[in-house]
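This is what each chain is made of:
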Amino acid sequence: MPRPILATVHPEALEHNLSQARLRAPDARVWAVVKANAYGHGIERVVPALRSTDGFAMIDLAEAERVRALDWRGPVLLLEGVFEPRDLELCSRLNIWHAVHCTEQIDWLAAHKTHAPHRVFLKLNSGMNRLGFRPDAFRAAWARLNALPQVEEISLMTHFSDADGPRGIAHQLAAFEAATEDLPGERSLCNSAAILRHAASPLRGVGASTLAADWVREGIALYGGAPDHPEHTAATWGLRPTMTLTTRIIGVQSLQPGDTVGYGSAFTADAPMRIGVAACGYADGYPRHAPTGTPVLVNGVRTRTIGRVSMDMVTVDLAPLDAAGVPAGMGSEVVLWGVSPTTGAELPVDEVARSAGTISYELLCAVAPRVPFM
Ligand SMILES: *Cc1c(COP(=O)(O)O)cnc(C)c1O
């Protein structure tokens, strides 16, 4: 028998979360962001569940090919554009749109031979200082692209550094408006946090609209994560978990006061208690940094991890179940995050991430290859 660990993707929750974005950005088209193998969910599972999206966006050309191989004929966008000139050939052949964020990418396009001109998203560095042309170079980049026979249509995009937090987007929005106000073309600004928190803010420019503009780029909110947790939770944003990571208890110990648990004896019992050993460890992608107290569900009852997470196992406290008279022992269902298949109880991945000092994105992306998916 294989180890009992299993990741389950919930297609109807993906669809539901997409519909929540449409409520907040009713006039925009949605790029469903499927980079990093659809945030760890698997492109082959996610693309069929999101047929009602307007396009799929990713980083890796190989992932764009996988989306096309699933018979998606609609828009596909490379968010970082191409990494070398010959990538443009595949873009031409598969009709893949791509970001243009630096002069080298314009040089490559200018030298590219194609029958079908490309649709490009010209990226403004409005303050994130990762990718994109600075405001003083943006117009010249646009004019150069606009003069190329290889380019069919230029859209304008930027990316926010603080859409989820107190600094907000005003400074970057002002930079975007100043750099693009009189330029034609579709606009794309919002990631999940901006969709949820700022989509209705006004946006000045040709065809003035709201911040949602022509295209939003939705990642984590599709996958049921609240980008601004713990200020808001997935539930308050109306988002449902799209991935459940389950396993089972494969061993039980009864501890006496003074007994310690696991490597480094990181936990010491102060009273008699039962603990369960769950078949999930950091080699499955469960965060090793999750300390004692990280939430976990056993038979649908919320309890906590205790001691250090090891490679293949994590220990859970059975005391809350014993106190509540809920039977638990060998074979009991353990939910690391997601929805309990037997009870429907939910454990948001955001809460596990927070306890481990990270964000839901990282946990979802990190589920290891040895974990079977359903
Ligand atoms: C990953 C990414 C997104 C999606 O971000 P979320 O916070 O997951 O919604 C949007 N735009 C760009 C350019 C990205 O790289």
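About the criteria used
Residues numbered from 1 in each chain as written. Predicted model: local features only at pLDDT ≥ 70, side-chain atom pairs only at ≥ 80, totals over all residues. Heavy atoms only, no water. Domains from an automatic or database assignment. Buried area = accessible area lost by both parts, 1.4 Å probe. Salt bridge = Lys/Arg side-chain N within 4 Å of Asp/Glu carboxyl O. Helix = DSSP H or I, 4+ residues; strand = E, 2+ residues; numbered from the N terminus. Buried < 20%, exposed > 50% of the residue type's maximum accessible area, 1.4 Å probe, protein only. Near = heavy atom within 4 Å. Polar contact = N/O pair within 3.5 Å; in protein donor to acceptor, adjacent residues only side chain to side chain. Areas by Shrake-Rupley, 256 points an atom, 1.4 Å probe, with all protein chains shown as cover. Phe/Tyr/Trp six-rings, centres within 6.5 Å; stacked < 30°, edge-to-face > 60°. Lys NZ or Arg CZ within 6 Å of the ring centre and 35° of its normal. Expected span 1.5 Å × (residues − 1). Contact = heavy atoms within 4.5 Å. Axes fitted to C-alpha atoms, helices over the stretch in contact; angles between N-to-C directions. Left-handed = near helix turned anticlockwise from the far one by under 90°. Nonpolar A, V, L, I, M, F, W, Y, C, P; charged D, E, K, R; others polar. Pairing = 2+ DSSP bridges.

## Describing the domain arrangement of the protein chain
When the parts of a complex come together, some accessible area is lost, and that lost area is often used as the size of the interface.
Then, number 1: When cut into domains, the protein chain gives domain 1 (11-223) and domain 2 (243-365).
Then, number 2: One C-alpha centre belongs to domain 1, the other to domain 2, and the line joining them spans 39 Å.
Then, number 3: Both faces combined, the contact of domain 1 with domain 2 buries some 520 Å², and carbon together with sulfur accounts for 74% of it.
Then, number 4: The largest contributions to the domain 1 side of the interface with domain 2 come from Tyr-39, His-41 and Ile-220, which together make up 71% of the buried area.

## Considerations on the pattern of salt bridges
Then, number 1: Evaluated as defined, the whole model comprises 19 salt bridges.
Then, number 2: Here Glu-351 and Arg-302 are joined by a salt bridge, their closest N and O atoms 2.5 Å apart. Separated by 49 residues along the polypeptide, Glu-351 in helix 11 (residues 349-355) and Arg-302 in strand 17 (residues 301-306) bring together distant segments of the chain.
Then, number 3: By relative accessible area, which is 43% here, Arg-302 ends up partly exposed.
Then, number 4: One network of salt bridges, in which partners are shared, links Arg-3, Asp-284, Asp-312 and Arg-370.

## Observations regarding the site of the ligand
Then, number 1: Close to the ligand lie Val-33, Lys-35, Tyr-39, Leu-79, His-159, Asn-191, Ser-192, Arg-217, Gly-219, Ile-220 and Tyr-361.
Then, number 2: Tyr-39 places a side-chain nitrogen or oxygen 2.5 Å from an oxygen atom of the ligand.
Then, number 3: Tyr-361 is positioned such that a nitrogen or oxygen atom in its side chain is 2.7 Å from an oxygen atom of the ligand.
Then, number 4: Relative to its unbound accessible area of 380 Å², the ligand is 93% covered by the protein chains.

## Here we look at unusual backbone geometry
Most peptide bonds take the trans configuration, and most residues that are not glycine carry a negative phi.
Then, number 1: Of the consecutive residues His-229 and Pro-230, the connecting peptide bond is found in the cis state with omega at 5 degrees.
Then, number 2: As for its position among the elements, Pro-230 is in the loop between strand 11 (215-218) and strand 12 (243-255).
Then, number 3: Not every positive phi belongs to a glycine, and Asp-71 is a case in point at roughly 70 degrees.
Then, number 4: Here Asp-71 lies in the loop between helix 4 (61-69) and strand 4 (76-78).

## Let's talk about the packing of aromatic side chains
Aromatic rings considered in pairs are described by the distance between their centres and by the relative angle of their planes.
Then, number 1: Summed over all chains, the structure comprises nine aromatic pairs.
Then, number 2: Their ring planes at 35 degrees and their centres at 6.0 Å tell us that Tyr-39 and Tyr-361 sit as a pair that is tilted. Taken together, the positions of Tyr-39 in helix 2 (residues 35-39) and Tyr-361 in helix 12 (residues 360-365) put the pair 322 residues apart, joining distant regions of the chain.
Then, number 3: Here Tyr-39 falls in the buried class, since its relative accessible area comes to 5%.
Then, number 4: Given the relative accessible area of 28%, Tyr-361 is considered partly exposed.
Then, number 5: Ring centres of Tyr-286 and Trp-337 lie 6.4 Å apart, and the angle between their planes is 10 degrees; on these two criteria the pair is classed as stacked. One end of the pair, Tyr-286, is in the loop between strand 15 (273-278) and strand 16 (295-298); the other, Trp-337, is in strand 19 (residues 333-339), and 51 residues separate them in sequence.
Then, number 6: Counting every residue linked through ring pairs, the aromatic cluster contains Trp-31, Trp-97, Phe-121 and Trp-215.
Then, number 7: Seen from the ring of Trp-97, Arg-119 lies directly overhead, with NZ or CZ sitting 3.9 Å from the centre.

## A look at helix 1 (residues 11-24)
Then, number 1: In a regular helix each residue adds 1.5 Å, so 14 residues correspond to 20 Å; helix 1 covers 21 Å between its end C-alpha atoms and thus fits that length.
Then, number 2: Where helix 1 is concerned, the buried positions are Ala-13, Leu-14, His-16, Asn-17, Leu-18, Gln-20 and Ala-21.
Then, number 3: If you follow the buried residues of helix 1, they end up packed against strand 1 (6-9), strand 2 (29-33), helix 3 (43-49), helix 9 (192-198) and strand 11.

## Some points on the packing of helix 7 (residues 135-146) against helix 8 (residues 170-180)
Then, number 1: Where helix 7 contacts helix 8, the two axes come as close as 9 Å, and the packing angle between them is 35 degrees. You can see that helix 7 and helix 8 cross each other, and the crossing is right-handed. Side by side, helix 7 and helix 8 meet where Pro-135, Phe-138 and Arg-139 of the first sit next to Ala-178, Ala-179 and Thr-180 of the second.
Then, number 2: Across the contact of helix 7 with helix 8, the residue classes tally to four nonpolar, one polar and one charged.

## Section: the pairing of strand 16
Then, number 1: Side-chain alternation along strand 16 places Pro-295 and Leu-297 on one buried face and Val-296 and Val-298 on a second face that is also buried.
Then, number 2: Across four bridges, the pairing between strand 16 and strand 17 is antiparallel. Paired with Val-298 across the two strands is Val-301, which belongs to strand 17.
Then, number 3: Linking strand 16 back to strand 17 in an antiparallel pair, the connection comprises two residues, with Asn-299 at a positive phi of about 50 degrees.
Then, number 4: Relative to strand 19, strand 16 runs antiparallel, the two being bridged by two bridges. Across the sheet, Leu-297 pairs through a bridge with Val-335, a residue of strand 19.

## Here's the deal with the side chain of His-159
Then, number 1: For His-159, the position within the fold is in the loop between strand 7 (151-158) and helix 8.
Then, number 2: For His-159, a relative accessible area of 19% corresponds to the buried category.
Then, number 3: Separated by 3.1 Å, the side chains of His-159 and Arg-217 make a polar contact.
Then, number 4: Apart from residues lying up to four places away in sequence, His-159 is in contact with Lys-123, Ser-126, Met-128, Arg-130, Gln-172, Asn-191 and Arg-217.

## Notes on helix 8
An α-helical turn contains 3.6 residues, so a residue and the one three or four places further along point in the same direction.
Then, number 1: Buried residues of helix 8: Gln-172, Leu-173, Phe-176, Glu-177, Ala-179 and Thr-180, and no others.
Then, number 2: Buried residues in helix 8 make contact with strand 6 (118-124), helix 7, strand 7, strand 8 (187-188) and strand 9 (202-203).

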